[in-house]
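What follows is each chain in one-letter form.
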Amino acid sequence: MAQPTTNSNNLDIGFSETAKHEGTTDRPMEFELLGLRWDLLPDVFAPFHSPSTEAYSRWLPYPEGSSLLEMGCGAGVTAVFGALNGCRHVTALDISPAAVENARHNAARHGVVDRVRAMESDMFSALSPADRFDVIFWNSNAVEAPEDFAYTRDIEWSILDRGYVSHRTYFREGPQHLAEGGRLFLGFNSRGNRTLIERFAKEEGLRIKEINSASRVFEDRTVEFRLLELIKADSANTVSTA
Ligand SMILES: C[S@@+](CC[C@H](N)C(=O)[O-])C[C@H]1O[C@@H](n2cnc3c(N)ncnc32)[C@H](O)[C@@H]1O
């Protein structure tokens, strides 16, 4: 019977998820999602192993003419999908050089290189403090790894966040890069440490609102994939996604 995941001791699951996304030598170099074909480079998060990329890409708002920042873009599916569906300026960031390259491939494949810039960045570090976006989104590496965890392969960044440092940074710096009226989203699954992100939200004066969710059974566990909006606690923002 399927059991819900807990936030404790998910590290083993993190390692098996990493192995799954790393794949074998016969891992496909292309895949279909959202009715489109996409390139997939080695060492990049494989969106066909999880419902997250497709679900979040469908649920996010892409206001006409807006600017979108996709943090941790992986193959660049959400970034390119946003550019094809209304966003005028898209920035795709990832700590993994292979992911940045992959996002560039997919922007070229879908004819949106004029609207999508992809850059290597540890969270917001490659941006200027003045860079502002209407929509900021991250499908995060929700599994908490210990503070002394040593990354040995870039693909590990797709699943594991050492000491939850990247999540902490997202909550602290994300709001600073919002344009007036901009919206900050986090795609967060139930393998993650919800208690910690609730604490980060409180520390930054944010409240967490659930926008949409989906569940998928993996072997003996049910995983929830939730699109969360991080809203300034004193804001009256009640706008719903289209
Ligand atoms: C769950 S994967 C999502 C990939 C892609 N957005 C998708 O939905 O298919 C998380 C992504 O975040 C990236 N990432 C993790 N930590 C990061 C950091 N500190 N700075 C930038 N990107 C990071 C990973 O390399 C990975 O590509």
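Help me understand the overall build of the protein, please; the structure alone is not making it clear to me.
Counting its regular elements, the protein contains six helices and 12 strands. For 242 residues, the compact-globule estimate of 2.2 N^0.38 gives 18 Å, and the protein sits close to it at 17 Å. For the C-alpha atoms alone, the extent of the protein along its principal axes is close to 45 × 40 × 35 Å. Here the protein holds 242 residues, and the buried ones make up 53% of them. Pairs at least 24 residues apart make up 65% of the contacts formed inside the protein by residues separated by at least 6 positions. Summing over all exposed atoms, the protein offers an accessible surface of approximately 10,900 Å²; the carbon and sulfur share of this is 49%.

Mind showing me how you'd approach the packing of aromatic side chains here?
Each aromatic ring pair is specified by the distance between its two centres and by the angle formed by the two planes. Within the structure shown, the criterion is met by 12 aromatic pairs. Here the aromatic rings of Trp 138 and Tyr 170 are separated by 5.4 Å at their centres, their planes lie at 50 degrees, and the arrangement is tilted. Separated by 32 residues along the polypeptide, Trp 138 in strand S7 (residues 133-139) and Tyr 170 in helix H5 (residues 165-173) bring together distant segments of the chain. Exposure class is identical for Trp 138 and Tyr 170. Each is buried. On the numbers, 5.1 Å between centres and 80 degrees between planes, the contact of Phe 149 with Tyr 151 is edge-to-face. With a relative accessible area of 16%, Tyr 151 lands in the buried category.

I tried to follow the side chain of Asp 94 on my own but got confused; where do I start?
Within the secondary structure, Asp 94 is located in strand S5 (residues 89-94). Here Asp 94 sits buried without a salt bridge, and the closest side chain of opposite charge, Arg 104, lies 12 Å off (N-O distance). At 3.1 Å, the side chain of Asp 94 and the backbone nitrogen of Cys 73 are in polar contact. Filtering out sequence-adjacent residues up to four positions away, Asp 94 remains in contact with Gly 72, Cys 73, Gly 74, Ala 99, Val 100, Met 119, Glu 120 and Ser 121.

Conventions adopted
- Residues numbered from 1 in each chain as written.
- Predicted model: local features only at pLDDT ≥ 70, side-chain atom pairs only at ≥ 80, totals over all residues.
- Heavy atoms only, no water.
- Helix = DSSP H or I, 4+ residues; strand = E, 2+ residues; numbered from the N terminus.
- Rg over C-alpha atoms; globule rule 2.2 N^0.38 Å.
- Buried < 20%, exposed > 50% of the residue type's maximum accessible area, 1.4 Å probe, protein only.
- Contact = heavy atoms within 4.5 Å.
- Areas by Shrake-Rupley, 256 points an atom, 1.4 Å probe, with all protein chains shown as cover.
- Phe/Tyr/Trp six-rings, centres within 6.5 Å; stacked < 30°, edge-to-face > 60°.
- Lys, Arg positive; Asp, Glu negative; His and termini not counted.
- Salt bridge = Lys/Arg side-chain N within 4 Å of Asp/Glu carboxyl O.
- Polar contact = N/O pair within 3.5 Å; in protein donor to acceptor, adjacent residues only side chain to side chain.

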